[in-house]
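Summary of the model geometry
The lines below spell out each chain.
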Amino acid sequence: MEKEGLPALGWAARDTSGHLSPYSFSRRVQEDDDVTIKVLFCGICHTDLHIAKNDWGNTLYPVVPGHEIVGVVTDIGRGVDGFKIGETVGVGYFVGSCRTCISCSKGYENYCAKLELTSNGVGRDGENTRGGFSDVLVVNQDYVLRVPDTVPMDGAAPLLCAGVTVYTPMMRHGLNAPGKHLGVVGLGGLGHLAIKFGKAFGMTVTVISSSPAKRQEALDRLGADAFLLSSDPEEMKAAAGTMDGIIDTVSAGHPIVPLLDVLSPMGQIVLVGGPSEPLELPAYAIVPGGKGIVGNLVGSIRDCQAMLDFAGKHGITADVEVVKMDYVNTAVQRLQRNDVRYRFVIDVAGSQL
Ligand code: NAP
Ligand code: ZN
Ligand code: ZN
């Protein structure tokens, strides 16, 4: 007889309005190498907003968003050796990969062409995957992270996507060295964590923002060394040629030539934001300075665990506004209009689903 999946309750968007409402479904049957996780907290990443509204044209409705998940292990399969019932764990942007392609074999499974996304993907059972805006998950143990107990669980949730997305390119592109100058473009969920990691690496960090109202808190509370208003040509000009690298987290179309201008020769800009509009790139903006533009998608499981351990050691957590699930539509609207300091996190276990 076929075993029944686990009943699950979540909130889903059904169409491009992105409006979320209660949704019941079932999780796949736990297999030998699976961990069953009761979701405690889930961050609201701007990617959830892009997906709920089908900004990227690939949304599989009904979609249950959520890929910044912290929870507790409630059951394990017979073959699970890395996790125990009762342990605090995390799940990020993906829950599976092919394990055999070049990317997987080199330890960059985040670039696997068959990456199994936590939400809005296709799972190993052929069903659409549903994310952490729900009460329970069943995940292969190799894609589950250990959350250090020195980090509060609500503030840890955004590390699972926002944190690893900024930490990984800093490590890969040498933007983790004391004395180097890092630019962070867009002071939102990703951007505020980029400041914190940059400062923990001993770097000089300059925020480049479109919001004058964020200047004081970037400098006083988040520890940035300088703040440039991207719309102020004088401020931007004064910083020309000064930065070793830039992490660009902006979620909407924006000019990148002024950002390339503040890079030093051979500096690199790492694009991590996902605007649906193309960015305009004239060759003159990169050729004379030998500058580079590179992308980054989250990080591998190994990178993510290293990031969590580093965050635990250095006391890095997200600045969060914790909300209940029945506030999620308001939270998404506020995220859309840039009204969050700096990440909404849903108290899933404390909400009526
Ligand atoms: P967020 O909290 O909304 O932050 C985005 C920031 O971009 C805003 O705070 C704002 O900063 C700036 N911004 C927004 N609209 C803008 C506009 N029209 N012009 C200029 N600046 C604007 O979003 P997030 O969660 O950090 O995510 C940021 C982007 O990264 C999203 O597109 C998301 O899908 C993507 N993402 C990618 C990955 C990856 O693996 N590559 C992972 C997670 C998220 P200021 O007010 O300072 O200008
Ligand atoms: Zn995300
Ligand atoms: Zn692969």
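Only a predicted model underlies this, so the values are computations on that prediction, with no experimental measurement involved.

Cut-off values and rules
- Residues numbered from 1 in each chain as written.
- Chains lettered and ligands numbered in written order.
- Predicted model: local features only at pLDDT ≥ 70, side-chain atom pairs only at ≥ 80, totals over all residues.
- Heavy atoms only, no water.
- Donors = N, O, S within 2.8 Å, 3.2 Å for Na, K, Ca; no water.
- Tetrahedral: all angles 85-135°; square planar, octahedral: opposite > 155°, others 65-115°.
- Helix = DSSP H or I, 4+ residues; strand = E, 2+ residues; numbered from the N terminus.
- 1 Å grid on protein atoms, 1.4 Å probe; cavity = no way out; pocket = protein on both sides within 12 Å on 5 of 7 lines; lining within 4 Å.
- Points joined across faces, edges and corners; volume = space filled by probe spheres on them.
- Nonpolar A, V, L, I, M, F, W, Y, C, P; charged D, E, K, R; others polar.

1. Comments concerning the coordination of the zinc ion (ligand 3)
- At this site the zinc ion (ligand 3) is bound by Cys98 (SG), Cys101 (SG), Cys104 (SG) and Cys112 (SG), with donor distances of 2.3 to 2.4 Å.
- Note that the zinc ion (ligand 3) binds four donor atoms; their angles at the metal cover 104 to 117°, and the shape is tetrahedral.
- On the primary sequence, the residues serving as donors to the zinc ion (ligand 3) are separated as C-x2-C-x2-C-x7-C. In this pair, Cys98 is assigned in the loop between β6 (94–96) and α2 (102–105) and Cys112 in the loop between α2 and β7 (116–117), connecting sequence segments 14 residues apart.

2. Considering empty space enclosed by the protein
- Under the counting rule described, the total for this entry stands at two cavities of 30 Å³ or more.
- Estimates place the volume of the largest cavity at around 60 Å³.
- If you trace the largest cavity, you find it lined by Gly92, Tyr93, Phe94, Tyr143, Leu145, Leu160, Val164, Val298, Gly299, Ile301 and Cys304.
- Counted by class, the lining of the largest cavity contains nine nonpolar, two polar and no charged residues.

3. Considering unusual backbone geometry
- Cis geometry marks the peptide bond from Tyr61 to Pro62, where omega comes out at -10°.
- Locating Pro62 in the fold gives a position in the loop between α1 (46–52) and β4 (69–76).
- The step from Arg341 to Tyr342 runs through a cis peptide bond, and the omega angle for that step is -10°.
- Take Tyr342: it is sitting in the loop between α10 (328–336) and β17 (343–347).

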